[in-house]
Amino acid sequence: MTMLNATFVTEFYVLGFPEKYEKRILLFALCLIIYIITVSGNLLIIILTKLDPSLQNPMYFFLGYLSMIDTCYISTTVPLMLMILVSCHRRISLSGCFTQLFTTVLVEGAECILLAIMAYDRYAAICHPLHYNVIMHRGLCYKLLVMVLFYSAINSTIHTILICRLPFCDNVINHLFCDIPPLLELSCIDTFLNEIVLFTVGGIFVGLGPLLFILITYVYIVVTIFKITSVAGRKKMFSTCAAHLIIVNIFYGTGSFTYVRPKTSYSAERDKFVSVIYNVATPLLNPIIYGVRSAEIRRSL
């Protein structure tokens with residue numbers, strides 16, 4: 001496609017859903033149930049980490065904000081999906097699409113960085129237990145949260161501006177919501193710059209950077225754990241890290257498949273399935289996994 005084929009797009013049509021009404025209603029019911037459970041579970045964790053005296057430590061401080069991010073995460077995509085599924089209204093304005101894109105990339109980046117900070121918290125607790133409260137004091141925790149918001153906002157702003165500058169030859173999004181890969185597919189011009197920035201800024205600095213930090217951190221954690229002579233002590237230390245590691249695997253596994261790959265490998269049907277896991281299932285699993293793995297949370301319920 002060339003610039004001659006470009007049209008002035010004022011709205012998009014989100015057409016990544018089944019055409020049959022019965023399938024849409026079934027999917028609507030499933031998404032609604034998942035949304036209610038996810039929001040309820042994450043709000044419960046937020047309330048517990050704020051009110052329960054036994055959960056007033058940095059680990060649960062960050063977990064509360066992770067739940068807050070997940071609540072925002074699923075709320076940027078699922079409500080629109082529910083509206084489209086139950087009605088014939090499949091349009092989203094240009095500004096609405098870009099706002100959804102900005103918010104989605106913002107919370108994705110925030111979760112990447114926050115998971116790395118949570119790994120550092122576990123490193124401080126396990127490798128330097130006597131100095132844990134000195135290292136992870138409340139002032140540092142708030143500074144780290146500001147850093148999360150700052151870098152994720154920069155990342156999101158860069159990607160959104162680069163998408164906004166593209167001319168679009170079509171306004172039909174074969175996806176479940178406004179996201180970077182399906183919008184790049186609609187561009188009339190070469191999107192090489194977008195792909196390079198997506199791979200470097202989004203993939204390396206916001207994605208791979210925190211992931212490498214997590215891996216290095218856990219190398220030190222594992223080495224420290226194996227120095228513990230008590231089997232019960234080892235199990236306890238591994239248990240405190242298990243939930244975090246599960247979430248990291250799910251989040252980064254689906255995230256890297258969605259964003260860190262060339263445009264030529266884009267597949268609408270495959271990516272819709274991965275997006276459901278990445279944008280819907282992950283926020284659902286976080287409170288469930290942490291609730292099951294954390295004895296403190298189970299006691300608070």
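Since the model is a prediction, treat every value here as computed from it, not as a measurement.

Student: Before we move on, could you go through a nonpolar patch on the surface and cite the residues and values that matter?
Tutor: The grouping of Phe199, Ile204, Phe205, Leu208, Leu212, Leu215, Ile216 and Tyr220 at the surface amounts to a nonpolar patch, some 810 Å² of accessible area in total. In this fold, Ile216 is placed in helix H8 (residues 192-226).

Student: I'd like a description of the packing of aromatic side chains, backed by residues and values.
Tutor: The final tally for this structure, using the stated rule, is 11 aromatic pairs. Taken together, a centroid distance of 6.1 Å and an interplanar angle of 75° make the contact between Phe226 and Phe238 edge-to-face. Of this pair, Phe226 sits in helix H8 while Phe238 is found in helix H9 (residues 231-259), placing the two residues 12 residues apart along the sequence. Among the aromatic residues, those joined into a cluster by ring pairs are Phe61, Phe62, Tyr65 and Tyr142.

Student: For the UniProt feature "transmembrane region" (unreviewed entry) in the protein chain, give the residues involved together with the corresponding values.
Tutor: When the UniProt feature table is mapped to this numbering, "transmembrane region" (unreviewed entry) covers residues 25-48, 60-86, 98-120, 140-162, 196-226, 238-260 and 272-292. Between the C-alpha atoms that bound residues 60-86 there is a distance of 37 Å. The span itself is 93% helix and 0% strand. Strand forms 0% of residues 196-226 and helix 100%; the C-alpha atoms that close the span are 41 Å apart.

Student: Give a description of the packing of helix H6 (residues 138-164) against H8 that names residues and reports values.
Tutor: Each packed pair of helices is defined by two parameters, the angle between the axes and the distance between the axes. Where H6 contacts H8, the axes come no closer than 10 Å and their chain directions differ by 170°. Classified by the angle between their axes, H6 and H8 sit roughly antiparallel to one another. Residues Asn155, Ile158, His159, Leu162 and Ile163 of H6 pack against Leu193, Asn194, Val197, Leu198, Val201, Gly202 and Val206 of H8. Its residues assigned to classes, the contact of H6 with H8 shows eight nonpolar, four polar and no charged.

Student: Explain the sheet that holds strand E2 (residues 91-93) residue by residue, including any values.
Tutor: The strand order across the open sheet built from three strands is E2-E1-E3, with neighbouring strands paired in mixed fashion. Since the sheet does not close on itself, it has two edges, and those belong to E2 and strand E3 (172-173), each with one partner. Summarising the sheet, strand E1 (residues 11-14) and E2 pair through three bridges and their orientation is antiparallel. Across the sheet, Glu11 pairs through a bridge with Ser93, a residue of E2.

Student: For the packing of helix H1 (residues 21-51) against helix H3 (residues 78-86), give the residues involved together with the corresponding values.
Tutor: The contact between H1 and H3 brings their axes to 9 Å, and the two run at 155°. As judged from the angle between their axes, H1 and H3 are roughly antiparallel. Pair H1 / H3 crosses with left-handed handedness. Where H1 approaches H3, its residues Arg24, Leu27, Phe28, Cys31, Leu32 and Tyr35 are matched on the opposing element by Val78, Pro79, Met81, Leu82, Ile84, Leu85 and Val86. Of the residues contributing to the contact of H1 with H3, the split by class is 12 nonpolar, no polar and one charged.

Student: Which residues make up the pattern of salt bridges, and what values do they have?
Tutor: Throughout the structure, instances matching the rule amount to two salt bridges. Where Arg91 meets Glu11, a salt bridge forms, and the shortest distance between an N and an O atom there is 3.9 Å. On the criterion of sequence distance, the pair formed by Arg91 in strand E2 and Glu11 in strand E1 is long-range, its members being 80 residues apart. Judged by its relative accessible area of 38%, Arg91 falls in the partly exposed class. Between Asp121 and Arg122 there is a salt bridge, with the nearest N and O atoms lying 3.0 Å from each other. Residue classification places Arg122 among the buried positions, given a relative accessible area of 8%.

Student: Before we move on, can you summarise the environment of Leu193 with the specific residues and values?
Tutor: Of note, Leu193 is situated in helix H8. Setting aside residues no more than four positions away along its own chain, Leu193 makes contact with Leu162 and Arg165.

Student: Please give an account of the state of the cysteines that cites residues and values.
Tutor: All chains considered together, the criterion is met by two disulfides. Cys97 shares a disulfide with Cys178; S-S distance 2.1 Å. Judged by the torsion about the S-S bond (-125°), the Cys97/Cys178 disulfide is left-handed. You can see Cys97 sitting in helix H4 (residues 94-127) and its partner Cys178 sitting in the loop between E3 and helix H7 (180-185), a full 81 residues away along the chain. Side by side, Cys97 and Cys178 carry an identical accessibility label, which is buried.

Student: Which residues make up the nonpolar core, and what values do they have?
Tutor: Among the nonpolar cores identified, the biggest contains 46 residues, and Phe62, Leu114, Leu115, Met118 and Ile214 are the most heavily contacted of them. With 14 residues, H4 is the single largest residue contributor to this core. Filtering out sequence-adjacent residues up to four positions away, Ile214 remains in contact with Leu115, Ala116, Ala119, His244, Val248 and Tyr252. Within the second largest apolar cluster, 34 residues are counted, among which are Leu80, Cys97, Leu101 and Leu166.

Scoring rules and cut-offs
- Residues numbered from 1 in each chain as written.
- Predicted model: local features only at pLDDT ≥ 70, side-chain atom pairs only at ≥ 80, totals over all residues.
- Heavy atoms only, no water.
- Patch = residues over 30% accessible without salt bridge, like charges linked within 9 Å, V, L, I, M, F, W, Y side chains within 5 Å.
- Areas by Shrake-Rupley, 256 points an atom, 1.4 Å probe, with all protein chains shown as cover.
- Salt bridge = Lys/Arg side-chain N within 4 Å of Asp/Glu carboxyl O.
- Helix = DSSP H or I, 4+ residues; strand = E, 2+ residues; numbered from the N terminus.
- Phe/Tyr/Trp six-rings, centres within 6.5 Å; stacked < 30°, edge-to-face > 60°.
- UniProt positions renumbered as here; feature names shortened; annotations may be inferred.
- Axes fitted to C-alpha atoms, helices over the stretch in contact; angles between N-to-C directions.
- Parallel < 35°, antiparallel > 145°, perpendicular 65-115°, else oblique.
- Contact = heavy atoms within 4.5 Å.
- Nonpolar A, V, L, I, M, F, W, Y, C, P; charged D, E, K, R; others polar.
- Pairing = 2+ DSSP bridges.
- Left-handed = near helix turned anticlockwise from the far one by under 90°.
- Buried < 20%, exposed > 50% of the residue type's maximum accessible area, 1.4 Å probe, protein only.
- Disulfide = S-S within 2.5 Å.
- Core = buried A, V, L, I, M, F, W, Y, C linked by side-chain atoms within 4.5 Å.

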